[in-house]
Amino acid sequence: MKRHLLASIAAAAALTLASAPAATAEVEPGGWSSYSPGFSVQERGCGEVDNLTFTLTCSTASGDQRAERRYTTYTDGSRQFEGYFRITSQTGTRISLKQTFHETGSGPYFMLAVERGGRLYAVHGGTTLATGATVGTTVRVNTVHDLGGTHRTYINGSLKHTVASGTGGFYDKFGAYRTNSGAGPISVVWSDIRFWRK
């Protein structure tokens, strides 16, 4: 009898685990709903996009050199982005990989860029967010944006940067984009892109 009861409990537990929702990877859990915003592809200068591979093929240190995805504008609430990038080749430096763009305000409001050698930094202000983003290394990026509150950036799950946010229209971009002081070449692959809102 006891053996039968234990088997029934084990079967019920297995059923519960099988039917449980898949774990989510938000760095700030609680009340988020997953969604899939639309996007457009931007290729300018020597920028090339092949699905989730973004390449700047030239070493040009001027002009608009970009290979990016630009996602739909949002105007209210809170948004969370998550993605993983892996640089597959890099002889250039100071390339923006992820942006939060203030469409109705100052333009490129937050830009996460990488220097040759693996330093990740905020373009506006120059703050170092992490090191070790070298060729072949996979890095997880999360941005959490409360409009009218703050914009927070996490690298590999750790909070690295916080800046005050205004209101208006914003959108997410990622890929490879030459900063004013940068130049390619670089090739970067993004994966496991997710968005949440509340």
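Refer to the structure above for everything that follows.
Residues numbered from 1 in each chain as written. Predicted model: local features only at pLDDT ≥ 70, side-chain atom pairs only at ≥ 80, totals over all residues. Heavy atoms only, no water.

## So, the pattern of salt bridges
Pairing of side chains with opposite charge becomes possible as their charged atoms draw close.
Here comes step 1: Under the defined criterion, the tally for this structure stands at 12 salt bridges.
Here comes step 2: Note that Glu28 and Arg152 form a salt bridge whose closest N and O atoms lie 2.8 Å from each other. Of this pair, Glu28 sits in the loop between helix H1 (2–19) and strand S1 (33–35) while Arg152 sits in strand S12 (residues 150–155), placing them 124 residues apart in sequence.
Here comes step 3: One network of salt bridges, with partners in common, ties together Arg44, Asp64, Arg66, Glu68 and Lys173. (Salt bridge = Lys/Arg side-chain N within 4 Å of Asp/Glu carboxyl O. Helix = DSSP H or I, 4+ residues; strand = E, 2+ residues; numbered from the N terminus.)

## Comments concerning unusual backbone geometry
When glycine is set aside, most residues are seen to have a negative phi, and most peptide bonds are trans.
Here comes step 1: Following Gly184, the chain continues to Pro185 via a peptide bond in cis, the omega torsion being 0°.
Here comes step 2: With respect to the element layout, Pro185 can be found in the loop between strand S14 (170–183) and strand S15 (186–197).
Here comes step 3: The phi dihedral of Arg94 is positive, around 60°, even though this residue is not glycine.
Here comes step 4: By secondary structure assignment, the location of Arg94 is in strand S7 (residues 93–102).
Here comes step 5: For Arg94, a relative accessible area of 25% translates into the label partly exposed. (Buried < 20%, exposed > 50% of the residue type's maximum accessible area, 1.4 Å probe, protein only.)

## What about the packing of aromatic side chains?
Here comes step 1: In the structure shown here, the tally under the stated rule is 13 aromatic pairs.
Here comes step 2: Between Phe54 and Phe174, the ring centres sit 5.7 Å apart and the planes meet at 75°, which makes this aromatic pair edge-to-face. Of the two residues, Phe54 sits in strand S4 (residues 53–56) while Phe174 sits in strand S14, which places them 120 residues apart along the sequence.
Here comes step 3: An angle of 45° between the planes, with centres 5.0 Å apart, marks the rings of Phe174 and Trp190 as tilted. (Phe/Tyr/Trp six-rings, centres within 6.5 Å; stacked < 30°, edge-to-face > 60°.)

## Here's the deal with the state of the cysteines
Here comes step 1: This model, assessed by the stated rule, comprises 1 disulfide.
Here comes step 2: Paired through a disulfide, Cys46 and Cys58 show a sulfur-sulfur distance of 2.1 Å. Judged by the sign of its S-S torsion, about -65°, the cystine formed by Cys46 and Cys58 is left-handed. Here Cys58 lies in the loop between S4 and strand S5 (66–71) and Cys46 lies in the loop between strand S2 (39–44) and strand S3 (47–50), a separation of 12 residues in the sequence.
Here comes step 3: Overall, the relative accessible area of 12% leaves Cys46 in the buried class. (Disulfide = S-S within 2.5 Å.)

## Some remarks on the pairing of strand S13 (residues 158–164)
Here comes step 1: Sheet topology note: the S12/S13 ladder contains 6 bridges and is antiparallel. Residue Thr153 lies in a different strand from S13, and its bridge partner there is His161.
Here comes step 2: Here S12 folds back onto S13, and the loop between the two strands holds 2 residues, one of which, Asn156, carries a positive phi near 50°. (Pairing = 2+ DSSP bridges.)

The values reported here are purely geometric and, on their own, carry no functional implication.
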